[in-house]
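# Structure assessment
Below, each chain spelled out in residue letters.
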Amino acid sequence: MSITSKLVLRFKDATIKEYPLENEETTIGRKPNNTIEIDNLAVSGLHARVLQIGHKTILEDMGSTNGTLVNHKPIRKHVLQHGDVIVIGKHTLAFVDIKTTRIPKLPDEKVEDDMDKTMIISSKDRQAMLSAGHKSDIQMPLGAVQIVMGPQAGKNFDLTASITSIGKGDLCKIKVKGFMIGKQAAMITRRPTGYHIAYLEGFSKVKVNGSVIGNEPMTLKDGAIIELGDMKMEFFLKDS
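In this text, all values refer to a predicted model and were calculated from it rather than measured experimentally. The numbers attached to residues start from 1 for each chain and follow its sequence in the written order. Confidence filtering applies because this is a predicted model: local features only for residues at pLDDT of at least 70, side-chain atom pairs given and counted only at 80 or more, and all residues used for totals across whole chains, interfaces and linings. The basis for every side-chain value is the complete set of non-hydrogen atoms in the structure, without hydrogens or water.

## Points about the sheet that holds strand β13 (residues 156-158)
Spatially, the six strands line up as an open sheet ordered β13-β12-β22-β21-β18-β19, and their pairing is antiparallel. Each edge of the sheet is formed by a strand with only one pairing partner; in this case those strands are β13 and β19 (211-212). DSSP bridges decide pairing: two strands pair if at least two such bridges lie between them. Comment: elements are numbered from the N terminus, with helices defined as DSSP H or I runs of at least four residues and strands as E runs of at least two. As judged from the three bridges shared by strand β12 (residues 143-149) and β13, these two strands associate in the antiparallel manner. The residue bridging Val145 from the neighbouring strand is Phe157, located in β13.

Encoded structure:
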C-alpha cells in the first residue's frame, strides 16, 4: 500500500512523532501494543483506530472512556479530511495528506484546558455528548430510509447522524445479514451538500437505482433505491 497520509502526534506546542498510515489498521491507545501509544491516564487501553478502506481514511472510537474529538466535536466514526485535528486525552493528532504542504494547526487552548478539568467522563454523560455531536447543525431536509425488501421490511431509519453505517457488524445502525456482506459494508453521510452513500467493504456490492457504487461516494436523491444483499431500501427526504 502506498503511503498517502500520516498522523502527527503533538502535546501542547511540541511535536512528538509522525506516523505514516501504511497499514489498513492503525490503533491508538495507552497500551504499548498499539501502533500509536499515548501514555496518559485519560487515554483508554485501546482508544481508537484508523482504517484505510479504498480511498477513504476512517477514524473510529473504540468505546473509550473519555471519547474522541475531531475538530472539537465528539465522534464515533469520522471520515478524515486533510486538516482534521483529533483530540485524545491531552494529546492531538493532526491528519495530514502528504501530497500537500499545509500542516493543520493546533486546536485552541480551551480543548486542553477542558481535558485538565475533566479527566473522567461518566458513560451516561459521554453518551449524551456523542448523541449531541452526531446531530447535524445544518438546516436541510431530514433524510430517512425505509426497508422495502428483506427481514426488516417496513422499518424506517431517520438519518440524523453525520454517519450511518450499514452492514452486519454490531456497530452498524442498519443491519444486513449474509456471508458476502461486510461488517461495515457501506455508510451514508450527511453533509451540507446533501446525503451521500459510499461502499466500504465486503464481497456484496452496493447498488443505487441498479448502478453499482464505485470508489467514489454517490449522491442520494429523493426516492433512490439502495440494494445490498437481500435488502432493498428507499431513501426519501422528510418535510422540513
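## Overview of the confidence of the model for the chain
The predictor rates its confidence in each residue with pLDDT, a number between 0 and 100. Across the chain, pLDDT averages 81, with 81% of residues at or above 70. When pLDDT is averaged over each element of the chain, strand β4 (residues 36-37) comes out on top at 96 and helix α1 (residues 109-117) at the bottom at 44. Counting contacts from residues 108-124, a segment whose pLDDT is below 50, to residues more than four positions away or on other chains yields 20 contacts. Throughout, a contact is declared for two residues whenever any of their heavy atoms are within 4.5 Å. A low-confidence stretch, residues 133-138 stays under pLDDT 50, and its non-local contacts, those more than four residues away or across chains, total 16 contacts.

## Things to note about the pattern of salt bridges
In the sections that follow, a salt bridge refers to a side-chain nitrogen of Lys or Arg positioned within 4 Å of a carboxyl oxygen of Asp or Glu. Tallied over the full model, the rule gives four salt bridges. A salt bridge links Glu18 to Lys6, with the shortest nitrogen-to-oxygen separation between them at 2.8 Å. Of this pair, Glu18 sits in strand β2 (residues 14-20) while Lys6 sits in strand β1 (residues 5-11), and the two are 12 residues apart along the sequence. Here Lys6 falls in the buried class, since its relative accessible area comes to 17%. Where Arg49 meets Glu60, a salt bridge forms, and the shortest distance between an N and an O atom there is 2.9 Å. Within this pair, whereas Arg49 is found in strand β5 (residues 48-53), its partner Glu60 is found in strand β6 (residues 56-61), the two being separated by 11 residues in sequence. Of the two residues, Arg49 and Glu60, neither departs from the other in class, the shared state being buried. Ionic contacts of the salt-bridge type, sharing partners, join the residues Glu25, Arg49 and Glu60 into one network. With a 1.4 Å probe rolled over the protein chains alone, any residue whose accessible area is under 20% of its type maximum counts as buried; one over 50% counts as exposed, and the rest are partly exposed.

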